[in-house]
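A look at the structure
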Amino acid sequence: MTKNENTDIVICGVGGQGVILASKVLATAALLQGFDVKASEVHGMAQRGGSVLSQVRIGKEIFSPTIPLCKASTCLSFEELEALRYLPYLKEKAMIVVNNKRIDPLLVELKQAKYPENVIDLLKEKGFNVSSINGEETLKEKGFPLKALNILLLGVASKTIPIAEEFFLTAIEKSVPLKTVEINKEVFMLGRSF
Amino acid sequence: MAKQLFSGNEAIAFGAYEAGVHVATGYPGTPSSEIMPALIPYPEVNIEWSVNEKVALEVAIGSSYSGARSLVTMKHVGVNVAADPLMTLSYTGVKGGLVIISADDPNCNSSQNEQDNRHFARFAKIPILEPSNSQEAFDFTKEAFSLSEKYKTPVMLRVTTRVCHTKTPVSSEGKRQEIKIEGFTKDPSCYVMIPAHARKKHVVIEKRLLDLQKESDASSLNYVEKGERSVGIITSGLSYQYVKEAADGEWIFKLGMSYPLPINKIREFTKNLEKVYVVEELDPFLEKELIYNGIKVEKRDKKFYLGELNTERVMEILGKKDAVLEGDKPEKIKDIPLRLPVLCPGCAHRSVFQVLRDMNYIVTGDIGCYTLGTLPPLSALDTCVCMGAGIGNAQGIYKTKKDERLVAVIGDSTFVHSGITSLINAVYNKNKITVIILDNRTTAMTGGQPHPGIDQTVRGEKTKALDFEELGRALKVDYVKTVDAYQKAELQESLEIAEKTDGVSLIIAKRDCVLLKKRETSKE
Ligand SMILES: Cc1ncc(C[n+]2csc(CCOP(=O)(O)OP(=O)(O)O)c2C)c(N)n1
Ligand code: SF4
């Protein structure tokens, strides 16, 4: 088949972490670059701490809004466990940008399930190209708001995505509240410099 | 105009706007809730969150009778509530175009069932359009209004969660079609469905269906994509996109208007094909229609009646299982803990459920954030059928065993939607139950829409608020009490009084949803 020339990106995290905005910025940038794009998310129960997944597909012509198994080249995960959950979507040796953060699901808090140990090592062992970031700490150090985590991670991942820097920046302008445009652009560039 | 990224829901709203829609009504429900807010920027459109889907449709019917283009939005189960007016609206027909959005939820992402609402359109004998992306959602919405007026029929635009919540590029003219509203003209034989009129109208409907079938045959929404092999695929809505991903050389029949079927065009399509597959999400709706019309198609395995489709599943339907991954092996880690949604920290529902759990109540309930009270560690909610059901359920349990510790809980939005009549039933029939309204001053579950219990309209304008306490008294409820949902002792005390009350009790547990403030400040 010749339908695999797309760039498929998985963005995942926990409700409230800003997954949906990251996917909006990415999809807007892709459109500005002249690609066809589909960004599919399932929200609903999301804001109450559920797992959130957004699938962004970029290419000449996109059909299915969801990514077929083993086709995504990049994953942005805002939380460690969530990176594991969506591995079946990823290609061999895919790039994973993961925030070093552990948020225990309710079942773990209740001791009915176990949070996997050493997630980052596990991802590396599996042969993925892992870039792990202490997102919140990095933002705090530089005096940026923690809410900008999504844009930071997008900045880090942006280097592997065939979209020009200017389009990402324009997409940020179009997607975030006016007051926070400049800060978000700075955060994006910080991520991109990693 | 340059292409813009729209979700399917935004595309429906803009499509309706450009089609000159005058009135839009609806009740929130995932995945349909974002359509109405997308119309807020347009003062030309009279929009409202109605108390429930039945009323939403009835209001839209009135506007349509007056010649206004009218849009009604709801999730799939909303159509169950609106079914009564819908079935007879089909008889009266419309004047201004009337389009009903049915947003179905295969996979129950945020719903109590995954019913397939295409059956409703056939049931009501009205046409269905099924868009497969935002551009089509936009175009088909406009088309739906024209179709509605041309055939004087309500039209169902059926979308699914993936269409509603996927952003894809849309190009538009950016121009609104201005349509003059004629006003209501008396015409009892048309609008008053007494039996003598209804019998005649049924004849009209059957004739209309035949005309619509011809329309479907001629419609550019239904078209063939040429293939290279003598295998064909008939598909509609989002399924088409998976078919495009999975197909290699098959002929494709893409249905934009999936009821009534363009049966002559399809017969022509299948004539020279050896094998014909039907790819559709949920029930074998097209399959049955095709078989009924004598067209030979491959039957889907029943497992595909469940849940959402995706490229892999469509490959399997098409008998290509081995080709799915072309040698790739998906990386799968075992035992990843599920991350279920939970009540927010500080949610007042939690405090109420703690009291009910500790006092060992049987708790009937229904749908809202509070349904999460059924999950551990609260494990305090014992029933959930549909909106409003908890108050009725409690009365049934009461009839079987009168000394049970029993309470019905219901959200404030749900109480207004479909709880009030049931409370009247309790008083009238002496079903001596206790009802707790979980009054968090919003429709939290679906994103925080206002409702008649607070003093705000969909546009944020001031309006009158329903007073639950006064309402309870007017309904002759025997014990009415408002408590702060955070004050557990106060709640416990009022529950004890309710138990001793020989009659129906209504406790209003008040405390704002913690996201309410956040939402208000983020708007500023
Ligand atoms: C007939 C129908 N319409 C809409 C919905 C979607 N829905 C589920 S619960 C709910 C209302 C929740 O609001 P409320 O009762 O105030 O409870 P809260 O979520 O605020 O706790 C809605 C609109 C549905 N399930 N069924
Ligand atoms: S959104 Fe409001 S009602 Fe829903 S869980 Fe959170 S605080 Fe409770």
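Residues numbered from 1 in each chain as written. Chains lettered and ligands numbered in written order. Predicted model: local features only at pLDDT ≥ 70, side-chain atom pairs only at ≥ 80, totals over all residues. Heavy atoms only, no water.

Considerations on the overall build of chain A
Scanning chain A from N- to C-terminus turns up 8 helices and 6 strands. The order of α-helices and β-strands along chain A, N terminus first, is β-α-β-β-β-α-β-α-α-β-α-α-α-α. A compact globule built from 194 residues should have a C-alpha radius of gyration of about 16 Å, and chain A, at 16 Å, falls within 12% of that. Principal axes of the C-alpha set define a box for chain A whose edges measure 50 × 45 × 30 Å. Residue burial in chain A is summarised as follows: out of 194 residues, 60% are buried. Of the contacts made within chain A by residues no fewer than 6 positions apart, 64% connect residues no fewer than 24 positions apart. Of the roughly 8,000 Å² of accessible surface on chain A, a fraction of 51% belongs to carbon and sulfur atoms. (Helix = DSSP H or I, 4+ residues; strand = E, 2+ residues; numbered from the N terminus. Rg over C-alpha atoms; globule rule 2.2 N^0.38 Å. Buried < 20%, exposed > 50% of the residue type's maximum accessible area, 1.4 Å probe, protein only. Contact = heavy atoms within 4.5 Å. Areas by Shrake-Rupley, 256 points an atom, 1.4 Å probe, with all protein chains shown as cover.)

Thoughts on the overall build of chain B
Each helix and strand in chain B was counted, giving 19 helices and 19 strands. Looking at chain B as a whole, 59% of its 524 residues qualify as buried. The long-range share in chain B, meaning contacts at least 24 apart out of those at least 6 apart in sequence, stands at 74%. For chain B, the accessible surface area stands at approximately 21,800 Å², while carbon and sulfur atoms represent 53% of it. The distance from the centre of the 68 positive side-chain charges to the centre of the 69 negative ones in chain B is 3 Å. (Lys, Arg positive; Asp, Glu negative; His and termini not counted. Charge placed at Lys NZ, Arg CZ, Asp CG, Glu CD.)

Description of the sheet that holds strand E4 (residues 70-75) of chain B
Working definition: the strands of a sheet are paired by backbone hydrogen bonds and lie parallel or antiparallel to each other. All names here are of chain B. Strands sit in the order E3-E2-E4-E5-E7-E6-E12 across an open sheet of 7 strands; the sheet is mixed. If you trace the sheet from one side to the other, it starts and ends with strand E3 (46-49) and strand E12 (257-259), each paired once. Where strand E2 (residues 23-26) and E3 come together, 4 bridges link them in parallel fashion. In the strand pairing of E3, Ala 24 is matched with Ile 47. (Pairing = 2+ DSSP bridges.)

Side note on the site of ligand 1
Residues and elements named next belong to chain B. In the vicinity of ligand 1 lie 26 residues, with Glu 53, His 349, Cys 369, Asp 412 and Thr 414 positioned nearest. At 2.6 Å, a side-chain N or O of Glu 53 approaches a nitrogen atom of ligand 1. Gln 112 has a polar side-chain atom sitting 3.5 Å from a nitrogen atom of ligand 1. Here ligand 1 has 580 Å² of accessible area as a free molecule, and 98% of this is covered by the chains. (Near = heavy atom within 4 Å. Polar contact = N/O pair within 3.5 Å; in protein donor to acceptor, adjacent residues only side chain to side chain.)

Quick look at the sheet that holds strand E19 (residues 505-510) of chain B
Residues and elements named next belong to chain B. The parallel open sheet is built from 6 strands, whose spatial order is E15-E14-E16-E17-E19-E18. Edge positions in the sheet fall to strand E15 (383-384) and strand E18 (479-484), since each of these pairs with one other strand and no more. In this structure, strand E14 (residues 362-365) lies alongside E15, joined through 2 bridges in parallel fashion. Following the sheet pairing, Gly 365 is matched in E15 by Cys 384.

Some thoughts on the site of ligand 2
Close to ligand 2 lie Arg48(A), Leu343(B), Cys344(B), Cys347(B), His349(B), Cys369(B), Asn440(B), Ala444(B), Cys513(B), Val514(B) and Leu515(B), which account for all nearby residues. Class assignment of the residues belonging to the shell around ligand 2 gives a composition of 8 nonpolar, 2 polar and 1 charged. (Nonpolar A, V, L, I, M, F, W, Y, C, P; charged D, E, K, R; others polar.)

Quick look at the interface of chain A and chain B
How big an interface is tends to be expressed through the accessible area that disappears when the partners come together. Listed per partner, the contact involves 55 residues of chain A and 50 residues of chain B. Contact between chain A and chain B buries roughly 4,600 Å² in total, counting both sides, with carbon and sulfur atoms accounting for 62%. One can count 5 salt bridges joining chain A with chain B. Here Glu41(A) makes a salt bridge to Lys167(B), at a shortest N to O gap of 3.2 Å. Secondary structure elements with two or more residues in the side of chain A that touches chain B: helix H1 (19-32), strand E2 (36-41), strand E3 (51-59), helix H2 (80-85) and helix H3 (106-109) of chain A. When residues of the side of chain A that touches chain B are assigned to their parent elements, the largest contribution, 6 residues, is made by E2(A). Here E2(A) pairs with strand E8 (residues 166-170) of chain B via 2 bridges, running antiparallel. Within E8(B), the residue paired with Ala39(A) across the bridge is Lys167(B). (Buried area = accessible area lost by both parts, 1.4 Å probe. Salt bridge = Lys/Arg side-chain N within 4 Å of Asp/Glu carboxyl O.)

Comments concerning the environment of Ala103(B)
Residue and element names in this part refer to chain B. Note on placement: Ala 103 falls in strand E5 (residues 98-104). Under the relative-accessibility criterion, Ala 103 is labelled buried at 0%. Along the backbone, Ala 103 and Asp 217 are 114 residues apart, and their C-alpha atoms lie at a distance of 25 Å.

Details of the pairing of strand E5 (residues 90-99) of chain A
All names here are of chain A. With respect to burial, E5 is a largely interior element, 7 of its 10 residues being buried. Strand direction decides the pairing type here: strand E4 (residues 72-77) and E5, joined by 5 bridges, are parallel. Bridge pairing in E5 links Cys 75 to Ile 96. Crossover E4 to E5 through H2 is right-handed. (Right-handed = clockwise from strand over helix to strand, strands pointing away.)

Considering the side chain of Thr270(B)
Residue and element names in this part refer to chain B. Mapped onto the fold, Thr 270 is located in helix H10 (residues 263-270). By relative accessible area, Thr 270 is classed as buried at 14%. Among all residues touching Thr 270, those that are not within four sequence positions of it are Ile 234, Val 276 and Ile 295.

Some thoughts on the nonpolar core
Residue and element names in this part refer to chain B. Among the nonpolar cores identified, the biggest contains 57 residues, and Leu 71 and Leu 129 are the most heavily contacted of them. Ranked by the residues each element gives to this core, the list is headed by helix H5 (residues 134-151), at 7 residues. Shared between two domains, this core holds at least three residues of each, these being domain 1 (2-218) and domain 2 (223-317). Residue contacts for Leu 71: discarding those within four places in its chain leaves Ala 16, Val 21, Val 23, Ala 24, Thr 25, Ile 35, Leu 39, Val 99, Ile 101 and Phe 145. Membership of the second largest hydrophobic core comes to 55 residues, among which are Cys 369, Ala 380, Ile 433 and Ala 485. (Core = buried A, V, L, I, M, F, W, Y, C linked by side-chain atoms within 4.5 Å. Domains from an automatic or database assignment.)

Note that every value here comes from positions in space, so none of it alone points to a role or purpose.
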